[in-house]
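The primary structure of each chain is shown beneath.
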Amino acid sequence: MVDSAHEWLRSGDINLKGPLAGVPISLKDNIAVGGFDTTVGYSSFVGNKNPQDGAMVRLLKDAGAVPYVKTNVPITLLSFESTNDVWGRCTNPHNSKFSPGGSTGGEAALLALGGRIGIGSDVAGSVRVPAHFSGIYTLRCSTGRWPKHGMCTSMPGQEGVPSVFSPMARTVNDLRYFTKSLIDMEPWKYDCTVHPLPWRQDIWEEYRGKKTLRVGIMRTDNVVDPSPACRRALETTEAALRKAGHIIIEINPPSPYEALYLGAHLLNADGCQTFKRFFSPGEWEDTGARQMSFLMELPRPLKYLYYLWVKYVRRDAIWADLVRDWRPKSAVESWQLVSKREAYRMKWFEWWNDANIDILLTPPNATPSVPHDGMKQAVSSCGYTFLFNVLDYTSSVLPVLKVDKDLDKLPANFSLKGLNGVAQGAYRLYDANAMDGLPVGVQIVGRRLEEEKILAITEVVEDALHQHGTHYRQLSPSD
């Protein structure tokens with residue numbers, strides 16, 4: 001969109017007196033820009049040019065920002081990869097054999113290579129996992145804090161686990177300035193879904209200056225234990241926070257697996273029919289999404305036999321539980337799932353009240369970046385991020401270190417045998433030698449609508465890491 005960006009600047013379409021005057025902004029391909037296609041990787045969407053800008057783009061231009069490029073996504077938007085027949089395969093700038101993440105993978109790759117600020121969307125980790133895979137910063141906003149109208153999706157009408165648009169950046173300072181600038185523009189005047197909630201500078205200042213944070217550390221989601229590299233990033237951050245005088249608290253929250261189960265069934269309550277109806281004949285389907293739709297299409301007698309085999313022969317209760325009810329849901333069943341989701345959120349609400357913590361510190365994923373087409377195995381390994389979509393909690397990701405082939409290798413006695421099906425899928429891909437040099441981040445989690453608090457604490461955590469001697473090195477042109 002570079003030529004059009006120049007024209008928008010010449011014509012006065014962009015307000016150069018706004019707080020983001022002249023700042024180049026990249027956009028995930030599901031954001032509607034007047035005069036451009038919004039393909040979401042589907043060939044059937046080629047030529048669907050929007051007659052006018054969506055709410056997000058109008059807001060950006062009024063703030064002075066300059067949208068200049070759209071970035072790649074996975075077809076269906078349901079993968080931690082970013083590949084489709086329309087635009088091809090997006091690769092990780094640190095190692096071209098690996099994914100930059102998804103579904104906002106193109107954004108993450110561009111920012112890792114030297115872009116400035118971008119906007120993505122997140123329904124199960126789609127800004128946080130790319131940030132973790134590619135070594136950048138992001139903030140997963142709660143629903144109602146950022147605009148969402150004026151976009152294209154593979155699952156229109158899906159509200160069981162709402163998608164949220166959120167910022168991504170190369171530095172935490174840019175992330176905070178950008179978020180504050182857009183909220184100061186009163187986005188609720190652009191989009192009926194946005195809460196009239198101004199930027200709360202007092203909250204940001206309170207937590208930016210807080211000398212002692214109470215940090216709950218979630219070492220595992222009890223479905224897939226973090227790989228050695230992800231555990232080392234978590235423990236490095238823990239050590240830095242302890243050294244800076246913050247308090248680390250071991251926690252025992254409500255079952256994260258329950259969120260994985262509820263989220264998976266809510267997100268695919270239509271039986272995967274909606275995202276599949278946009279395919280052209282013969283069009284490539286993301287390998288992860290294909291695993292979900294294949295199980296949906298399996299005749300119920302065969303699926304039941306598969307469930308029995310997994311549960312009683314493989315003795316894998318987690319995978320068996322996930323596949324047992326993997327079918328299209330009736331309206332009644334969908335309502336029941338939503339009711340269970342709300343009860344689950346209340347469990348966490350009461351638990352957090354009693355836990356007396358400021359934030360949670362967790363891995364963003366069990367492993368670093370996956371090799372291309374690896375989501376065929378790892379499609380269900382998304383619990384560390386998906387949990388907080390189901391809860392609608394604000395969370396951020398920041399880079400901490402890079403995989404070290406010597407420090408992060410698996411123990412000599414490691415075996416896939418005995419792991420549940422989700423964990424097996426993730427660990428089949430883990431190879432510290434092949435992953436050497438890939439980024440590894442941590443996730444910082446607050447409660448709903450705590451964007452100011454989480455941004456402040458992300459800066460505090462980064463300060464602690466620097467004081468501890470841990471400095472993540474971004475890619476540079478010489479790389």
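Preceding block: the structure.
For the structure given in this document, a descriptive report is provided here. As the structure is a prediction and not an experimental result, all values here were calculated from the model. (Residues numbered from 1 in each chain as written. Predicted model: local features only at pLDDT ≥ 70, side-chain atom pairs only at ≥ 80, totals over all residues. Heavy atoms only, no water.)

### Some words on the layout of surface pockets
Of the voids in this model, the largest pocket is the one considered here, and its volume is about 660 Å³. Around the largest pocket sit 35 residues that line it, and Q291, M292, W319, V379 and S380 are the ones nearest its centre. Counting only elements with at least two residues in the lining of the largest pocket, the list comes to α8 (256-267), α10 (287-297), α12 (317-324), α14 (375-378) and α16 (421-427). Considering only residue class, the lining of the largest pocket consists of 22 nonpolar, 10 polar and three charged. (1 Å grid on protein atoms, 1.4 Å probe; cavity = no way out; pocket = protein on both sides within 12 Å on 5 of 7 lines; lining within 4 Å. Points joined across faces, edges and corners; volume = space filled by probe spheres on them. Helix = DSSP H or I, 4+ residues; strand = E, 2+ residues; numbered from the N terminus. Nonpolar A, V, L, I, M, F, W, Y, C, P; charged D, E, K, R; others polar.)

### A word on helix α13 (residues 331-355)
Helix length check: α13, at 25 residues, gives a terminal C-alpha distance of 36 Å against a target of 36 Å (1.5 Å per residue), a fit within 8%. By the burial criterion, the buried members of α13 are S334, L337, R341, Y344, W348, W351, W352 and A355. At its buried positions, α13 is contacted by β8 (214-217), α8, β10 (359-362), α15 (383-391) and β12 (439-445). Remark: N356 follows α13 within two positions and exhibits a positive phi of approximately 55 degrees. (Expected span 1.5 Å × (residues − 1). Buried < 20%, exposed > 50% of the residue type's maximum accessible area, 1.4 Å probe, protein only. Contact = heavy atoms within 4.5 Å.)

### A short note on the sheet that holds β10
Here 10 strands make up an open sheet; going across it, the order is β2-β1-β5-β7-β6-β11-β12-β10-β8-β9 and the pairing mixed. A strand with exactly one partner marks an edge of an open sheet, and here the two such strands are β2 (66-71) and β9 (247-250). Within the sheet, the average angular offset between the axes of one strand and its neighbour, ignoring direction, is 30 degrees. As paired strands, β10 and β12 are joined by three bridges and run antiparallel to one another. Opposite L360, over in β12, you have V445 as the bridge partner. Relative to the sheet, helix α2 (residues 55-62) contacts β1 (24-28), β2, β5 (117-122) and β7 (164-169), its axis offset from that of β1 by approximately 175 degrees. Running at roughly 25 degrees to β12, α15 makes contact with β5, β6 (137-140), β10 and β12 of the sheet. (Pairing = 2+ DSSP bridges. Axes fitted to C-alpha atoms, helices over the stretch in contact; angles between N-to-C directions.)

### Quick look at unusual backbone geometry
Generally, phi is negative for residues other than glycine and the peptide bonds are trans, each holding for most cases. In this chain, G102 is followed by S103 through a cis amide linkage whose omega measures 5 degrees. Positionally, S103 belongs in the loop between β4 (88-89) and α3 (105-112). Residue L77 is not a glycine yet carries a positive backbone phi of 65 degrees. Counting through the fold element by element, L77 comes out in the loop between β2 and β3 (83-84). For L77, a relative accessible area of 10% translates into the label buried. Phi at R315 takes a positive value of approximately 55 degrees, unusual for a residue other than glycine.

### Overview of empty space enclosed by the protein
Enumeration according to the criterion identifies three cavities of 30 Å³ or more in this entry. Computed from the structure, the largest cavity encloses a volume of approximately 70 Å³. By volume, the second largest cavity is sized at about 50 Å³. The residue makeup of the lining of the second largest cavity, split by class, is seven nonpolar, three polar and no charged.

### Points about the environment of E350
Here E350 is to be found in helix α13. Separated by 96 residues in sequence, E350 and P254 have C-alpha atoms that sit 9.9 Å apart.

### Here's the deal with the pattern of salt bridges
Taken as a whole and judged by the stated rule, the model has 36 salt bridges. Residues D29 and K70 are paired through a salt bridge, measuring 3.6 Å at the closest nitrogen-oxygen approach. Placement of the pair is D29 in the loop between β1 and α2 and K70 in strand β2, with a sequence separation of 41 residues. The pair D29 / K70 is uniform in exposure class, with both members buried. Taking the shortest distance from any N to any O, the salt bridge between R89 and E81 comes out at 3.9 Å. Residue class for E81 comes out buried when judged on its relative accessible area of 1%. Each of R145, R200, E451 and E452 takes part in one network of salt bridges that share partners. (Salt bridge = Lys/Arg side-chain N within 4 Å of Asp/Glu carboxyl O.)

Everything listed here is a matter of geometry and, on its own, says nothing about what the molecule does.
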